[in-house]
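Each chain is listed here by its residues.
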Amino acid sequence: LPYPPSSRARILPPSAIGTPLTMSASAAANSVLPSFLQSRLGDLPSSCHPQLVEVYKKFTFSHEAFEAFEVNNGTLIAENIPVFQAFLEKELLAASKAAAGGAASGSSGRAGGAARRSGGSKPHASSLNAALGAALGLPGRSAATAAAPPAAASASAAADDAAASPEKLTTPGPKRPRQEEEDQLEASTPEPPRKQLQVSLKASVNDGIAIKGVGSAAPVQIEVLGDSTLWTGPRDGAFAWMDESLEDRVADRDSRLAEAEAGLIEAVRARHPEIEDLVVGTVGVPSQAEVVLCGRILCEGLEGRLNERSMLLEGSKTAARGARVQLNVSGCPQVAAFPGQLVAVLGRSGTTGTTFHARDFIAGLDLPPASAPVAPSCTSLLHALVVSGPFCTRDALDYAPLRQALEHAVQSRPQVVLIIGPFVDANNRMIVNGEAILPGMSEEDEPLGFEDVYNEHVLPMLRKGILELKRVSPNSEVLIVPSLDEALSFHPMPQPPLHVGLAGCLPADSLEPLRRLGVQFLPNPAHISVNGLKISITSADALSPVLRSGLVLRPEERKIEQALRLLLQQRSLFPVLPRDPPQVSEARASALDFPEGAPPDVCIFPSASGSASGAFVDGRLFINPGPLCRPAAMGTFAELYLAPPASAGTGQGLLSERARVDIKSFAEAAR
């Protein structure tokens, strides 16, 4: 459902909104229904007309309330008229309780003023409807302006305020409330028609795969994989991360090495079946016999880049007490190494045990063959749209590209819409300088706070775009992944979901309208299953750290492909040490590893290394959607299509035979 069953729209109680819900006596006597209900009478049997009329007499609901019910429960039919009535009663009861608590706490401001103004007067029906629309994030006027024309409502409110507080006759209201009222009136006016959205195809992988059936938006099953306790905690759903001691960080890293030793030894046995009695040695212990050592690759210089002459092998504290030896790989036919990598080497140590001469280098765990068929439960075409921030250029806060991405989602109707942060980029120059000026603001206006950018610009745009998507495609699932570059999110990886990460900086209900629309907030990184297709997602660049750490390759060819393969062999998105990016909680770093030690079918992350593209590596798919906005120009986004197994050419259902990736961009003229 677009709205979780536990979520409730905020409806003002009778004590705060005007006349009793028995409402318009003349409308009840004459059984006059509004046009939006009259148009629905033809779709209902005549026996149900009186029942619908009675519901309208009792609640006098507006078109916004009626539309909100249909978004949540589907089209109104004869069978769910009782459900509609129960929906209105339930929401009214919940809103009454909430308003009673708010009155007891003595809330102030414009909302409190409105409650005092209503005082002993009887509420009006339109206030109920306006409150429901506002709670669901629907664009519209406030309760006061909904009950009367804007000019009359403003005059009436001013008169009531003057009667209740005489000092207001001589003291003008603060600038911010006046500006908010003007913004509400401006939001009620229709927007001018925009230019037609122009989308261009930049690149395509497996473009021979037909994409018939796009836009059907069949429902999908999404499951979050991994241990959720790694990114949650008792502090409003977040974990404490500033109390990690150095000893704890070392112990957490060492436990990962100890767990990988058995798999690395098995990889050596699989590569050298001719060795019947494979001897496992200890790092730092001299041995003239050929042995296998397991350990972690380190760079000899703290600030230098890794090369063949500066390579060290560090053993685990459990088996080798953390001993280190110089690693000589000149006798190895193939080498692929970077700092922090867990490896196994086959060879002999020198007489002193300070140098190990390897004749074979095993770069990580063996990769199991790609499963076939992949995601057998995908019986129809799976379509996913992937957009990644930043959503505005480096020198401005124009979120037109984000609006375009949401409009494109409405037009293409994908089953999955994946939106990756940052939404307010901490590297944006206007954010860095504290000069948050949005489009339409003049230079004389006071710069907005970061919270205002979220509340007044980004979140309303998301709410409006996703609401429109849910109207045309109720089965579409929207997933949001946070970013380390989010201006008001300070958690290291694994980052909690965005609504948790922003909880201490924004009002508690700021993201609640998105949750009511069915948006799923994921951690960073996130490991999910979509109809059985395993996907690992992160907003951080997982490729560049491997490349810039001093990747040692022999032979030196296809560096990017080999770096992606190393991620699979290390069973982690971020195996580089020292950590890159550095914002990582070592106590919870296992959340960066692939769940259950199994490589996923698809990895999605934006990367500055190379261009936006899709690539198959050992039967797995890597997607780099690129940023939606580059520092000074429009960027790219990605669309993934997965054909059902029956349509694969060979009938095996391999991912490389069924998956298509299109890299697209919005034209500048469409902005």
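Computed from a predicted structure; not experimentally measured.

**Some thoughts on a nonpolar patch on the surface**
Nonpolar side chains collect at one region of the surface, where Trp-241, Met-242 and Phe-490 lie side by side and expose about 380 Å² of accessible area between them. Relative to the helices and strands, Trp-241 resides in the loop between strand S2 (222-224) and helix H12 (246-271).

**Concerning helix H4 (residues 49-59)**
Those residues of H4 that sit buried are Leu-52, Val-53, Val-55, Tyr-56 and Phe-59. Seen along its axis, H4 keeps its buried residues to an arc of 160°; they face one direction. At the C-terminal side of H4, Thr-60 shows a positive phi close to 45°.

**So, the pairing of strand S5 (residues 324-328)**
Relative to S5, strand S4 (residues 311-314) is paired through three bridges, and the arrangement is antiparallel. Looking across to S5, one finds that Leu-313 is bridged to Val-325. Here three bridges tie S5 to strand S8 (residues 355-362), and the two strands are oriented parallel to one another. By the bridge assignment for S8, Asn-328 is matched with His-357.

**Digging into the state of the cysteines**
Overall, the coordinates contain zero disulfides when judged by the stated rule. The thiol of Cys-392 is not disulfide-bonded; the next cysteine sulfur, from Cys-629, is found 6.5 Å away.

**Some remarks on the packing of aromatic side chains**
Under the counting rule described, the total for this entry stands at three aromatic pairs. Plain terms: the ring middles of Phe-605 and Phe-622 are 6.4 Å apart, the flat faces sit at 75° to each other, and that makes the pair edge-to-face. Of the two residues, Phe-605 is situated in the loop between strand S16 (602-604) and strand S17 (613-617) and Phe-622 in strand S18 (residues 620-624); the sequence distance between them amounts to 17 residues. On the accessibility criterion, Phe-605 (3% relative accessible area) is buried. Ring centres 4.8 Å apart and planes at 25° place the aromatic pair Phe-637 and Phe-666 in the stacked group. Of the two residues, Phe-637 sits in strand S19 (residues 637-642) while Phe-666 sits in strand S20 (residues 659-666), which places them 29 residues apart along the sequence.

**So, the environment of Gly-233**
Its place among the elements puts Gly-233 in the loop between S2 and H12. What makes Gly-233 partly exposed here is its relative accessible area of 23%. Sequence spacing of Gly-233 and Pro-496 is 263 residues, and the spatial spacing of their C-alpha atoms is 9.1 Å. Not counting residues within four places of it along the chain, the set of residues in contact with Gly-233 comprises Ala-238 and Phe-239.

**Quick notes on the nonpolar core**
Ranked by internal contacts, the top residues of the largest apolar core, which has 49 residues, are Leu-313, Leu-327 and Phe-361. Here this core gets five residues from one element, more than from any other, and that element is helix H19 (residues 559-570). Tyr-454, Ile-480, Phe-521 and Leu-628 belong to the second largest nonpolar core, which has 47 residues in total.

**Points about empty space enclosed by the protein**
Enumeration over the complete set of coordinates arrives at eight cavities of 30 Å³ or more. Size it by volume and the largest cavity reaches roughly 100 Å³. Around the largest cavity, the lining is made up of 13 residues, and of these Ala-384, Val-416, Val-530, Ile-535 and Ile-604 lie nearest the centre. For the lining of the largest cavity, the secondary structure elements donating two or more residues are strand S9 (382-388), strand S10 (416-420), strand S13 (526-530) and strand S14 (533-537). Looking at the lining of the largest cavity residue by residue, the class counts come to 13 nonpolar, no polar and no charged.

Procedures and definitions
Residues numbered from 1 in each chain as written. Predicted model: local features only at pLDDT ≥ 70, side-chain atom pairs only at ≥ 80, totals over all residues. Heavy atoms only, no water. Patch = residues over 30% accessible without salt bridge, like charges linked within 9 Å, V, L, I, M, F, W, Y side chains within 5 Å. Areas by Shrake-Rupley, 256 points an atom, 1.4 Å probe, with all protein chains shown as cover. Salt bridge = Lys/Arg side-chain N within 4 Å of Asp/Glu carboxyl O. Helix = DSSP H or I, 4+ residues; strand = E, 2+ residues; numbered from the N terminus. Buried < 20%, exposed > 50% of the residue type's maximum accessible area, 1.4 Å probe, protein only. Arc of directions from axis to C-beta. Pairing = 2+ DSSP bridges. Disulfide = S-S within 2.5 Å. Phe/Tyr/Trp six-rings, centres within 6.5 Å; stacked < 30°, edge-to-face > 60°. Contact = heavy atoms within 4.5 Å. Core = buried A, V, L, I, M, F, W, Y, C linked by side-chain atoms within 4.5 Å. 1 Å grid on protein atoms, 1.4 Å probe; cavity = no way out; pocket = protein on both sides within 12 Å on 5 of 7 lines; lining within 4 Å. Points joined across faces, edges and corners; volume = space filled by probe spheres on them. Nonpolar A, V, L, I, M, F, W, Y, C, P; charged D, E, K, R; others polar.

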